[in-house]
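Chain and residue survey
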Amino acid sequence: MSSEYAKQLGAKLRAIRTQQGLSLHGVEEKSQGRWKAVVVGSYERGDRAVTVQRLAELADFYGVPVQELLPGTTPGGAAEPPPKLVLDLERLANVPAEKAGPLQRYAATIQSQRGDYNGKVLSIRQDDLRTLAVIYDQSPSVLTEQLISWGVLDADARRAVATHEEA
């Protein structure tokens, strides 16, 4: 197993463990000593190779499918993440509130939830665009054109929306 692959595998193992709120010693306690903290830690650092059998047993212990632990796989089997749409918050501030009020409030809510206050740009997901389209009573593609005309979205957003609508 390559060192880089072992580190990626270890990062996945660590992510699953921490998502479950377990420390390394917590794993040892919960498994009643079956999984030693030092061994799991060495797997997570990529210092020690894990056999397929032990990986399957660890996945079972965590209650996740083995493929969730393998590098190069994404949760839910998605081949690649959907394209992101990037709002230009500086330009959004210059759009009259009667037009952009709902978008400004939505963006402020996302920033608050993420703790992201850089104030320049904000990535939104396709689901966010669909929600905004409902608020504006428009289709996502029509809203995208409007946001491009306001200078809030880059023209590349057309491709991201078109790609998503075709899927």
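Criteria and thresholds
- Residue indices follow the written sequence of each chain, beginning from 1 at its first position.
- Per-residue local features of the predicted model are confined to residues with pLDDT of at least 70, and side-chain atom pairs are confined, for both listing and counting, to 80 or more; whole-chain, interface and lining totals are unaffected and use all residues.
- Processing note: side-chain calculations cover all non-hydrogen atoms of the structure and skip hydrogens and water entirely.
- A run of DSSP states H or I qualifies as a helix once it reaches four residues; a run of E qualifies as a strand once it reaches two. Both are numbered from the N-terminal end.
- When a residue's accessible area, from a 1.4 Å probe over protein chains only, is under 20% of the maximum for its type it is buried; when over 50% it is exposed; and in between it is partly exposed.
- What counts as a ring pair is set by centres within 6.5 Å for rings of Phe, Tyr and Trp (its six-membered ring), and what kind of pair is set by the plane angle: stacked under 30 degrees, edge-to-face over 60, tilted for all other angles.
- By the criterion adopted, a ring carries a charge over it if an Arg CZ or a Lys NZ lies within 6 Å of its centre and within 35 degrees of its normal.
- You can read pLDDT as the predictor saying how much it trusts each residue, on a scale of 0 to 100.
- Should any heavy atoms of two residues lie within 4.5 Å, those residues are considered in contact.
- Residue types Ala, Val, Leu, Ile, Met, Phe, Trp, Tyr and Cys, when buried and joined through side-chain atoms within 4.5 Å, form a set referred to as a nonpolar core.
- What counts as a salt bridge is simple: a side-chain nitrogen of Lys or Arg found within 4 Å of a carboxyl oxygen of Asp or Glu.
- By construction, the arc corresponds to the directions joining the helix axis to the C-beta atoms.
- Note on definitions: angles span 0 to 180 degrees between N-to-C directions of axes, and those axes are lines fitted to C-alpha atoms, for helices only across the stretch in contact.
- Orientation categories follow fixed angle ranges, with anything under 35 degrees roughly parallel, anything over 145 roughly antiparallel, 65 to 115 roughly perpendicular, and all other angles oblique.
- Ten residue types, Ala, Val, Leu, Ile, Met, Phe, Trp, Tyr, Cys and Pro, are classed as nonpolar, four, Asp, Glu, Lys and Arg, as charged, and the remainder, Gly among them, as polar.

1. Here we look at unusual backbone geometry
You will see that Q32, though not glycine, has its phi angle at about 55 degrees, which is positive. Tracing the backbone through its elements, the reader meets Q32 in the loop between helix 2 (24-30) and helix 3 (37-45). The phi dihedral of D137 falls on the positive side, at around 55 degrees, and the residue is not glycine. Along the chain, D137 falls in the loop between helix 7 (126-135) and helix 8 (140-150). Looking at D137, the relative accessible area reads 71%, which means it is exposed.

2. Quick word on the packing of aromatic side chains
In total, this model carries 2 aromatic pairs according to the counting rule given. Between F61 and Y62, the aromatic rings sit 5.4 Å apart at their centres with planes inclined by 55 degrees, giving tilted as the arrangement. For the ring pair Y136 and W150, a centre distance of 6.3 Å and an interplane angle of 65 degrees mean the geometry is edge-to-face. With Y136 in the loop between helix 7 and helix 8 and W150 in helix 8, this residue pair connects regions lying 14 residues apart in the sequence. Assessed through its relative accessible area of 14%, W150 is described here as buried. When the ring centre of F61 is taken as reference, the NZ or CZ atom of K30 above it lies at 5.6 Å.

3. Digging into the confidence of the model for the protein
Of all residues in the protein, 88% have pLDDT values of 70 or greater, and the mean over the chain is 85. Below pLDDT 50 for its whole length, residues 76-82 participates in 3 contacts with residues either more than four positions away or in separate chains.

4. Observations concerning the nonpolar core
Grouped together as the largest cluster of nonpolar side chains are 25 residues, with contacts concentrated most on L85, L87, L103 and W150. Of all elements in the fold, only strand 1 (85-88), helix 5 (89-92), helix 6 (97-114), strand 2 (121-124), helix 7, helix 8 and helix 9 (157-166) reach the threshold of two or more residues within this core. Of all the elements, helix 6 adds the most residues to this core, at 5 residues. Dropping the residues within four chain positions of it, L103 is found in contact with L87, L92, L132, Y136, L147, W150 and V152. Core analysis: the next-biggest nonpolar cluster, separate from the first, contains 17 residues, W35, V39, L58 and Y62 among them.

5. Re the pattern of salt bridges
By the definition in use, this model includes 8 salt bridges. The salt bridge involving R45 is made with D47; its shortest N-O contact spans 2.8 Å. We note a salt bridge from R54 to E57, for which the minimum N-O separation is 3.4 Å. Linking R54 with E57, this pair stays in helix 4 (residues 52-62), spanning 3 residues, or about one helical turn. On the basis of relative accessible area, E57 is assigned to the buried category, the value being 19%. Here the residues in one salt-bridge network are R14, R17 and E44, joined through shared partners.

6. Notes on helix 7
Buried within helix 7 are the following residues: Q126, D128, L129, L132 and A133. Along helix 7, the residues classed as buried sweep out an arc of 155 degrees about the axis, all on the same side. Positive backbone phi, at 55 degrees, marks D137, one or two positions downstream of helix 7.

7. A few points about the packing of helix 7 against helix 8
Running from amino to carboxyl end, helix 7 crosses helix 8 at an angle of 90 degrees, the nearest separation of the two axes being 9 Å. By the criterion of interaxial angle, the relationship of helix 7 to helix 8 is roughly perpendicular. Side by side, helix 7 and helix 8 meet where L129, R130, L132 and A133 of the first sit next to P140, L143, T144 and L147 of the second. Here the residues of the contact of helix 7 with helix 8 are counted per class, giving 6 nonpolar, 1 polar and 1 charged.

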